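Residue-level structural notes
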Amino acid sequence: MDYNDQMKNRVKRIEGQLRGILKMMEEDKDCKEVITQLSAARTAIDRTIGVVVSSNLVECVRTAEENGHNTEELVLQAVNLLVKSR
């Protein structure tokens, strides 16, 4: 799997969000503000999971088709990864 710069940048942005949340906690910020930021970080993680799984699926299906293999199992595995991540 080739993790491109877009994927890495997403993770770096999430890392920054998490550091910001920790700083908010250390500064005793309002609970609502912290929860809002935690929710935003979770959404960002969920979207990043989707990008990684879908990119990997496209590449795996392409390779499987080139080699004459059935792609149904690959799609099922990708769906299971997405379901387990929730």
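To keep things clear, this report deals only with the structure shown in the data block. Given the structure is predicted, the values throughout are model-derived calculations rather than measurements. (Residues numbered from 1 in each chain as written. Predicted model: local features only at pLDDT ≥ 70, side-chain atom pairs only at ≥ 80, totals over all residues. Heavy atoms only, no water.)

If you walk through the whole model with that rule in mind, you get three salt bridges. Its salt-bridge partner being Glu27, residue Lys29 comes within 4.0 Å of it at the nearest N-O pair. Lys29 sits in the partly exposed class, given a relative accessible area of 40%. In this structure, the salt-bridge partner of Glu59 is Arg62, at a minimum N-O distance of 3.3 Å. Placement of the pair is Glu59 and Arg62 together in helix 2 (residues 31-66), with a separation of three residues, close to one helical turn. The class for Arg62 is partly exposed, based on a relative accessible area of 43%. (Salt bridge = Lys/Arg side-chain N within 4 Å of Asp/Glu carboxyl O. Buried < 20%, exposed > 50% of the residue type's maximum accessible area, 1.4 Å probe, protein only. Helix = DSSP H or I, 4+ residues; strand = E, 2+ residues; numbered from the N terminus.)

Next up on the list: the packing of helix 1 (residues 5-26) against helix 2. Contact geometry for helix 1 and helix 2: axes closest at 10 Å, N-to-C directions at 165 degrees. Judged by the angle between their axes, helix 1 and helix 2 are roughly antiparallel. Relative to helix 2, helix 1 is oriented so that their crossing is left-handed. (Axes fitted to C-alpha atoms, helices over the stretch in contact; angles between N-to-C directions. Parallel < 35°, antiparallel > 145°, perpendicular 65-115°, else oblique. Left-handed = near helix turned anticlockwise from the far one by under 90°.)

Between its first and last C-alpha atoms helix 1 spans 31 Å; for 22 residues at 1.5 Å apiece the expected length is 32 Å, and the two agree. Along helix 1, the positions that sit buried rather than exposed are Met7, Ile14, Ile21 and Met24. Looking straight down helix 1, one finds its buried side chains confined to an arc of 95 degrees; they lie on one side. Exposed side of helix 1, more than 90 degrees from the buried face: Asp5, Lys12, Arg19, Lys23 and Glu26 are the residues found there. Residues of helix 1 that are buried make contact with helix 2. The N-terminus of helix 1 is capped by Asn4, whose side-chain oxygen sits 3.1 Å from the backbone nitrogen of Gln6. Looking one or two places after helix 1, you find Asp28, whose phi comes out positive at around 55 degrees. (Expected span 1.5 Å × (residues − 1). Arc of directions from axis to C-beta. Contact = heavy atoms within 4.5 Å. Polar contact = N/O pair within 3.5 Å; in protein donor to acceptor, adjacent residues only side chain to side chain.)

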